[in-house]
Amino acid sequence: MTHPAQPKASHFINGAYVEDTAGTPIPVIYAATGEQIATVYAATPAIVEQALSTAKAAQKAWAKMTGTERGRILRRAADIMRERNHELSVLETYDTGKPLQETLVADATSGADALEYFGGLAGSLTGEHIPMGEDWVYTVREALGLCVGIGAWNYPTQIACWKGAPALACGNSMVFKPSETTPLCALKVAEILHEAGLPAGLYNVIQGMGEVGAALVTDPRVDKVSLTGSVPTGKKVYAAAAAGMKHVTMELGGKSPLIIFDDADVENAVGGAINGNFYSSGQVCSNGTRVFVQKGIKEKFLARLAERTGAAVLGDPQDEATSFGPMVTENQMNIVLGYIEKGKEEGARLICGGKRADMPGFFVEPTVFADVTDDMTIAREEIFGPVMSVLDFDTEEEVIARANDTEFGLSAGVFTNDFSRAHRVIGQLEAGSCFINSYNDAPVEAPFGGVKASGVGRENSKEAIKHFSQVKSVYVRMGDVEAAF
Ligand SMILES: NC(=O)C1=CN([C@@H]2O[C@H](COP(=O)(O)OP(=O)(O)OC[C@H]3O[C@@H](n4cnc5c(N)ncnc54)[C@H](O)[C@@H]3O)[C@@H](O)[C@H]2O)C=CC1
């Protein structure tokens, strides 16, 4: 019997599902059981061509509609997503293995927030009037044209919407390629957008591995590329986009610091460290995986952290009582287990977890290492799994220097009850998305993105509008033209 997660076809192009079984088959494996639940096929060159040519053809008429008309369609899509939240959350759980307890509140709902927010902004995208004496300049905020979105596997619905919503609000079209690991959810986003009235061709979804992504990025018809992925992929995609002088947004990896001072509220600091390391089984780019704890509070912090981590409920992700799911794939599980072994070998002190869970599926226990030093592999490399490194520190000056000693710069957090210190420290941390007495909040109203190797550009908020549009300026002369001859 066909599994309910099996989509009607692999691709969604020009307002309809499209299949081409000549492409490489991509199995969809449910991470909680290891069973294959669906198959899609990578886009063939003919599918890539259909996706690009229909998106290119549809864009001009879309950009000519008023922002209010475009926004109405996006807001209708947001309403449909909210009505279908349960069904979409179940699918997100099949796609990623993340527990339903999380997907019910963080995926389709976050996607709907983006559609609603950018739908609301679409009618307000105006230019400026710049007086020049008798003359004047006016500016027009114009669409970029055809945009490509490429997604990672940890938030397939959210990424499809965080890229699609601002692109469409600004009058662009989009071809979106989800990660080959989680190909299911973006198809639903496309289906819902079209049900809400989006004209055909404006949001196409095609499947495939890196080669399909590369074919999209290098196509001369494409004006902008927005990637969520790892730093090595980001470097390749950024270089390919630069060769065609295309706009980019790069949302890449991190190894973010979370700094806990002696005067912090211990329960809140432990809560922040849990949210910043174990949500989505640690598969979150902004995670605060280097937890710097001031020496005075260290043992108290570790004791409560171990107790509360012991309360994680591992189990069937479709059961709402489960609070901790598996790694997305067997491969990702093995990568994470490899890092845990490195941590043990290099002398970190294991506080809890530290192995594969004794159950079916790709579960790794939530793991905490203490006495981690800056040079250890687990403190330097992005693990993308539930492995928290706790490092000790003495002074504010010391911890700021150590927190910044990384190629990454996505996020950073500070827990302290001294608010002048909180702002002083955050002001010196090299990171794009920061938190004071909190961790990992990502509302659509706030800009999200990194500095240094963690990325270029920002998603969400009014900032995203700047990255999906460009400004035309028009000088208007009222008098005669003076010329030298
Ligand atoms: N900053 C952010 O917003 C986020 C960043 N990430 C990062 O994503 C990574 C995990 O996701 P993965 O899917 O493993 O990343 P990945 O870098 O392996 O793949 C990302 C996407 O790029 C595509 N791709 C690969 N090579 C390509 C090429 N040459 N040209 C065009 N496209 C290509 C893949 O098919 C996939 O769709 C982590 O490093 C994580 O930190 C994940 C979520 C959010």
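About the cut-offs
Per chain, residues are indexed from 1 in the order of the written sequence. Side-chain atom pairs in this predicted model are given and counted only at pLDDT of 80 or more, local residue features only at pLDDT of at least 70, and totals for whole chains, interfaces and linings cover all residues. With hydrogens and water stripped out, all remaining heavy atoms of the structure feed into the side-chain values. Where helices and strands are cited, they refer to DSSP runs of H or I of at least four residues and of E of at least two residues respectively, numbered from the N terminus. A radius of gyration in this sense is built from C-alpha atoms; the matching globule rule multiplies 2.2 Å by the number of residues raised to 0.38. Residue burial is assigned from relative accessible area. The probe radius is 1.4 Å, only protein chains are included, and a residue is buried under 20% of its type maximum, exposed over 50%, and partly exposed in between. Residue contacts follow a heavy-atom distance rule, with two residues in contact if any of their heavy atoms lie within 4.5 Å. To measure how exposed things are, a 1.4 Å probe is used in the Shrake-Rupley method; for residues, cover is taken only from the protein chains shown. The charge count includes Lys and Arg as positive and Asp and Glu as negative, but it does not include His or the ends of the chains. Throughout, a charge is located at the NZ atom of Lys, the CZ atom of Arg, the CG atom of Asp or the CD atom of Glu. The cutoff for a nearby residue is simple: one of its non-hydrogen atoms must lie within 4 Å of the molecule or strand. Two N or O atoms form a polar contact when they lie within 3.5 Å of each other; inside protein one atom must be a possible hydrogen donor and the other a possible acceptor, and for residues adjacent in sequence the pair counts only when both atoms belong to side chains. The definitions used throughout rest on a 1 Å grid laid over the protein atoms alone, on which a cavity is an enclosed set of points accommodating a 1.4 Å probe that cannot get out and a pocket is an open set flanked by protein within 12 Å on both sides along at least five of seven lines; lining residues are those having an atom within 4 Å of a point. Molecules are considered to sit inside a cavity or pocket once more than half of their atoms lie within 2 Å of its grid points. Whenever a helix is involved, its axis is fitted only over the stretch in contact; in every case the axis is a line through C-alpha atoms, and angles between N-to-C directions fall within 0 to 180 degrees. Angles below 35 degrees are treated as roughly parallel, those above 145 as roughly antiparallel, those between 65 and 115 as roughly perpendicular, and all remaining angles as oblique. For a crossing to be left-handed, the near helix must be turned anticlockwise from the far one by less than a right angle; the clockwise case is right-handed. Three residue categories are used. Nonpolar comprises Ala, Val, Leu, Ile, Met, Phe, Trp, Tyr, Cys and Pro, charged comprises Asp, Glu, Lys and Arg, and polar comprises the others, including Gly. Grid points are joined across faces, edges and corners, and a volume is the space filled by probe spheres set on the points. UniProt positions are given in the numbering used here, feature names are shortened, and annotations may be inferred rather than shown by experiment. Only strands joined by at least two bridges in the DSSP assignment are considered to pair.

Participant: Just checking my understanding: could you explain the overall build of the chain for this structure?
Facilitator: The helix and strand inventory of the chain stands at 16 helices and 20 strands. Here the chain has a C-alpha radius of gyration of 24 Å; the compact-globule value for 485 residues is 23 Å, and the two agree. If one aligns the C-alpha atoms of the chain with their principal axes, the spans along those axes are about 80 × 65 × 40 Å. Taking all 485 residues of the chain together, the buried fraction comes to 58%. Considering only intrachain contacts with a sequence separation of at least 6, the fraction spanning at least 24 residues in the chain is 73%. On the chain, roughly 19000 Å² of surface is accessible, and the fraction owed to carbon and sulfur atoms is 53%. Counting 42 positive and 60 negative side-chain charges, the chain places the averaged centre of each group 4 Å from the other.

Participant: Is there a simple way to think about the site of the ligand in this case?
Facilitator: Inspection of the region around the ligand gives 27 residues, with Glu-180, Ser-230, Thr-233, Leu-252 and Glu-382 positioned closest. Separating an oxygen atom of the ligand from a side-chain N or O atom of Trp-153 is a distance of 2.9 Å. Measuring from an oxygen atom of the ligand, one finds a side-chain N or O atom of Thr-233 at 2.7 Å. About the coverage of the ligand: the protein hides 87% of its 850 Å² of free accessible area. Judged by its atoms lying within 2 Å of the grid points, the ligand is housed in the largest pocket. Of all the elements in the fold, those that place two or more residues in the shell around the ligand are helix H8 (210-218), strand S10 (224-228) and helix H9 (231-243).

Participant: Quick question: what am I supposed to make of the packing of helix H6 (residues 156-169) against helix H7 (residues 185-195) here?
Facilitator: Two quantities define a packed helix pair, namely the angle between the helix axes and the distance between the axes. Their axes nearest at 8 Å, the elements H6 and H7 cross at an angle of 40 degrees. Looking at the two axes, H6 sits oblique to H7. For the pair H6 and H7, the sense of crossing is right-handed. Note on element contacts: H7 touches H6 through Cys-185, Ala-186, Val-189 and Leu-193, opposite Pro-156, Thr-157, Ala-160, Cys-161 and Leu-168. In the contact of H6 with H7, the residues fall into 8 nonpolar, 1 polar and no charged.

Participant: For this particular structure, what's the right way to read the layout of surface pockets?
Facilitator: In this approach the atoms are scanned with a rolling probe the size of a water molecule, which exposes any empty space left behind. Computed from the structure, the largest pocket encloses a volume of approximately 930 Å³. Lining the largest pocket are 39 residues, and of these Ala-152, Trp-153, Gly-229, Ser-230 and Thr-233 sit closest to its centre. Contributions of two or more residues to the lining of the largest pocket are made by H8, S10, H9 and helix H12 (330-345). Here the lining of the largest pocket gets 6 residues from one element, more than from any other, and that element is H9.

Participant: What is the right way to read the UniProt feature "active site" (unreviewed entry) in the chain from this model?
Facilitator: Sites flagged by UniProt as "active site" (unreviewed entry) map to Glu-251. Residue position: Glu-251 is located in strand S11 (residues 247-251). Discounting chain neighbours no more than four positions away, the residues touching Glu-251 are Leu-227, Thr-228, Gly-229, Phe-448, Gly-449, Gly-450, Ser-454, Gly-457, Arg-458 and Glu-459.

Participant: Can you walk me through the sheet that holds strand S18 (residues 433-436) in this structure?
Facilitator: The pairing of strands in a sheet happens through backbone hydrogen bonds and is either parallel or antiparallel. Read across the sheet, 7 strands follow the order S14-S15-S16-S13-S12-S17-S18 without closing on themselves; strand pairing throughout is mixed. Here the strands that pair on one side only, and so sit at the sheet edges, are strand S14 (349-352) and S18. Across the sheet, the axes of successive neighbouring strands diverge by a mean angle of 20 degrees, strand direction being ignored. Packed onto the sheet, helix H11 (residues 298-309) meets strand S12 (257-260), strand S13 (290-294), S14, strand S15 (367-370) and strand S16 (387-393) and runs at close to 50 degrees relative to S14.

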